[in-house]
Amino acid sequence: MSQITTALAGSSMVTVLEKTDGQSGLVTLVGVPGPAGPAGPPGSGGAVTLSLPAGASGVSGHRVVAAIGGVAVHADPADPAHADAVIGLSLGAAVAGAPATIQAGGEVSESSWAWTPGQPVFVAAGGMLSHSAPAAGWSQLIAVALSATRILLNPRQAVYLA
């Protein structure tokens, strides 16, 4: 048999469960919410970015990049070395040796895109993005289109094609 006692303690509710078999009880404190604090600074929306020097050919904007030999290069499904080295999407162009800003996850917008919302986005030749998966080499789902001009970057594991 158990006995439940509930009481107000200042602005908190205290509930105590007392067991008659001598076992320890349970105490729960439920406070009354206080006033809201000031608004915080805008967040990144879940985006994770990193910087890596661009490879010898440079990096174009909004291309899938792989980290090869410590530099960022356009990922290409025809190159097996790129399959497990994809690190994200370049956010802008970078000349050889200059830092390339790469987004590893989260939402990315580009006004020139024309995606079909809800459809998958794959890595294509030269680091391009495509709704069509490649037919040879390796395939990697990199994002899902949220709107015509916005994707949710969430790279999956590359799959080697036979």
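Here's a quick rundown of the structure.

Cut-offs applied
Residues numbered from 1 in each chain as written. Predicted model: local features only at pLDDT ≥ 70, side-chain atom pairs only at ≥ 80, totals over all residues. Heavy atoms only, no water. Helix = DSSP H or I, 4+ residues; strand = E, 2+ residues; numbered from the N terminus. Contact = heavy atoms within 4.5 Å. Areas by Shrake-Rupley, 256 points an atom, 1.4 Å probe, with all protein chains shown as cover. Buried < 20%, exposed > 50% of the residue type's maximum accessible area, 1.4 Å probe, protein only. Pairing = 2+ DSSP bridges. Polar contact = N/O pair within 3.5 Å; in protein donor to acceptor, adjacent residues only side chain to side chain. Core = buried A, V, L, I, M, F, W, Y, C linked by side-chain atoms within 4.5 Å.

**A closer look at the overall build of the protein**
And step 1. A count of helices and strands for the protein gives zero helices and 14 strands.
And step 2. Expressed as a percentage of contacts within the protein between residues at least 6 apart in sequence, the contacts between residues at least 24 apart total 48%.
And step 3. Within the structure as shown, the protein displays about 9,200 Å² of accessible surface, and the carbon and sulfur contribution to it stands at 60%.

**Quick notes on unusual backbone geometry**
And step 1. Phi is positive for His 62, which is not a glycine, with a value near 55°.
And step 2. With a relative accessible area of 19%, His 62 lands in the buried category.

**Topic: the pairing of strand 8 (residues 99–109)**
And step 1. Relative to strand 8, strand 4 (residues 48–53) runs antiparallel, the two being bridged by six bridges. Directly across from Leu 50, in strand 8, lies its bridge partner Ile 102.
And step 2. Across four bridges, strand 8 lies against strand 13 (residues 150–153) in antiparallel orientation. The residue bridging Val 108 from the neighbouring strand is Ile 151, located in strand 13.

**Digging into the side chain of Ser 130**
And step 1. Within the secondary structure, Ser 130 is located in strand 10 (residues 129–130).
And step 2. Exposure remark for Ser 130: the relative accessible area of 18% places this residue in the buried category.
And step 3. At 2.9 Å, the side chain of Ser 130 forms a polar contact with the backbone nitrogen of Ser 132.
And step 4. When sequence neighbours within four positions are dropped, the list of residues in contact with Ser 130 reads Trp 115, Pro 120, Val 121, Phe 122 and Ala 124.

**Things to note about the nonpolar core**
And step 1. Of all hydrophobic cores here, the largest spans 20 residues; its most connected members are Val 64, Leu 89, Val 121, Leu 129, Ile 142 and Ile 151.
And step 2. Contributions of two or more residues to this core are made by strand 5 (64–68), strand 7 (86–90), strand 9 (120–123), strand 12 (141–147) and strand 13.
And step 3. Among the elements that take part in this core, strand 12 stands out by supplying three residues, more than any other.
And step 4. Among all residues touching Leu 129, those that are not within four sequence positions of it are His 62, Val 64, Leu 89, Trp 113, Trp 115, Val 121, Phe 122, Ile 142 and Ile 151.
And step 5. Ranked by size, the runner-up nonpolar core spans eight residues in total, among them Leu 52, Val 65, Ala 72 and Ala 100.

**Quick word on the pairing of strand 9**
Each regular strand shows side chains that alternate between the opposite faces of the sheet.
And step 1. In this structure, strand 9 lies alongside strand 12, joined through three bridges in antiparallel fashion. Across the sheet, residue Val 121 finds its bridge partner in strand 12, namely Ala 143.
And step 2. Taking the residues that link successive antiparallel strands as the turn, the strand 9-strand 10 hairpin has five residues, and the phi of Gly 126 there is positive, at about 70°.

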